[in-house]
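These are the residues of each chain, in order.
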Amino acid sequence: MAEEKSKKQNVWQFVKFALFSASAGIIQVLSFTLMNEVIIKLPFLQNAMASNETFAKIMQNEYGPMYLIALLLSVLWNFTFNRKFTFKSAANVPIAMLKVLAFYAVFTPVSTLLGNYFTAKYADVGAINYIVLGCTMAVNLTTEFFYDKFVVFRNSENTAVKKDDSE
């Protein structure tokens, strides 16, 4: 019976993680879209790229910088809510964040390089930026759940103390 309950708890935990990740995904897609469709096309950025060789090189394939900014925003959101509500962890927040940083120290360069590669290779596909972003987000959801569960919050799940309503 305890094993069955544990399986149900694990399923519910993944569902909560997926829902919070979906909300972080919305933040990531909205911020990416805002940058891709509005900000990058602003005249002062176009002028900056025309007059600054270094900036132009960075923005040569603008997928990378936009992806990195959008990813950072979603990671902060996702970490905050999953720590509190999914894993209910009272773990030292800076240490937990450093562990998440270690995950993203590997995930981010790999996903950015692959994203740049595929968006450049298939530049003729109209929605390639969004296809690559969606694939990257799906891989991120799966790998981060297992990393959070078995590394970041391994010994601290359900350690957060509920505040008493009478206080």
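Since the structure is predicted, the reported quantities are computational estimates derived from the model, not experimental observations.

A tally of helices and strands in the chain yields six helices and zero strands. The buried share of the chain, taken over its 167 residues, is 32%. Put simply, of all contacts in the chain between residues at least 6 apart along the chain, 82% involve residues at least 24 apart. Just so you have it, the chain exposes about 10,600 Å², and 68% of that area is on carbon and sulfur atoms.

With that out of the way, let us pick up helix α5 (residues 93-121). Over its 29 residues, α5 extends 40 Å from the first C-alpha to the last, a length consistent with the 42 Å expected when each residue adds 1.5 Å. The sharpest bend along α5 measures roughly 30° and falls at tyrosine 104. Listed in full, the buried residues belonging to α5 are Ala96, Val100, Phe103, Tyr104, Phe107, Thr108, Ser111, Thr112, Gly115 and Thr119. Of the surrounding elements, those touching the buried residues of α5 are α4 (63-86) and α6 (128-152).

What follows covers the nonpolar core. Grouped together as the largest cluster of nonpolar side chains are 23 residues, with contacts concentrated most on Phe32, Tyr63, Tyr67, Val100, Tyr104, Val152 and Phe153. At the level of secondary structure, the elements contributing two or more residues to this core comprise α1 (2-37), α4, α5 and α6. Looking at which element gives the most residues to this core, the answer is α4, with seven residues.

Below, the discussion takes up the pattern of salt bridges. Taken as a whole and assessed by the stated rule, the structure comprises one salt bridge. Between lysine 149 and glutamate 157 there is a salt bridge, and its shortest N-O distance comes to 3.2 Å. For lysine 149, a relative accessible area of 11% translates into the label buried.

Our focus in this paragraph is the environment of leucine 19. Within the fold, leucine 19 resides in helix α1. On a C-alpha basis, the gap between leucine 19 and threonine 86 in space is 9.9 Å, while along the polypeptide they are 67 residues apart.

With that settled, consider the packing of aromatic side chains. Enumeration according to the criterion identifies 19 aromatic pairs in this entry. Plain terms: the ring middles of phenylalanine 79 and phenylalanine 153 are 6.3 Å apart, the flat faces sit at 25° to each other, and that makes the pair stacked. Highlighted residues: phenylalanine 79 in helix α4 and phenylalanine 153 in the segment after α6, separated in sequence by 74 residues. Considered together, phenylalanine 79 and phenylalanine 153 belong to a single accessibility category, that of buried residues.

Let's shift gears to the side chain of asparagine 36. Its location among the elements puts asparagine 36 in helix α1. A polar contact of 3.2 Å, which involves the side chain of asparagine 36, links it to the side chain of glutamate 37. At 3.1 Å, the side chain of asparagine 36 forms a polar contact with the side chain of tyrosine 130. Asparagine 36 has contacts with Lys41, Met66, Asn129 and Tyr130, leaving out every residue within four places of it along the chain.

On to the side chain of serine 31. Structurally, the position occupied by serine 31 is in helix α1. According to the relative accessible area criterion, serine 31 is buried, its value standing at 13%. If sequence neighbours within four positions are ignored, serine 31 has contacts with Ala70 and Leu73.

Next up on the list: the environment of leucine 98. In this fold, leucine 98 is placed in helix α5. Residue classification places leucine 98 among the exposed positions, given a relative accessible area of 54%. Expressed as a C-alpha distance, the spacing of leucine 98 and valine 152, which sit 54 residues apart in the sequence, is 8.9 Å.

The next thing to look at is a nonpolar patch on the surface. Residues Val106, Val110, Leu114, Tyr117, Phe118, Tyr122, Val125 and Ile131 make up a contiguous nonpolar surface patch of about 700 Å² in total accessible area. Broken down by element, the residue count for the nonpolar patch peaks at five residues, all from α5. Relative to the helices and strands, valine 106 resides in helix α5.

About the thresholds
- Residues numbered from 1 in each chain as written.
- Predicted model: local features only at pLDDT ≥ 70, side-chain atom pairs only at ≥ 80, totals over all residues.
- Heavy atoms only, no water.
- Helix = DSSP H or I, 4+ residues; strand = E, 2+ residues; numbered from the N terminus.
- Buried < 20%, exposed > 50% of the residue type's maximum accessible area, 1.4 Å probe, protein only.
- Contact = heavy atoms within 4.5 Å.
- Areas by Shrake-Rupley, 256 points an atom, 1.4 Å probe, with all protein chains shown as cover.
- Expected span 1.5 Å × (residues − 1).
- Bend = angle between axes of the 7 residues up to and from the residue.
- Core = buried A, V, L, I, M, F, W, Y, C linked by side-chain atoms within 4.5 Å.
- Salt bridge = Lys/Arg side-chain N within 4 Å of Asp/Glu carboxyl O.
- Phe/Tyr/Trp six-rings, centres within 6.5 Å; stacked < 30°, edge-to-face > 60°.
- Polar contact = N/O pair within 3.5 Å; in protein donor to acceptor, adjacent residues only side chain to side chain.
- Patch = residues over 30% accessible without salt bridge, like charges linked within 9 Å, V, L, I, M, F, W, Y side chains within 5 Å.

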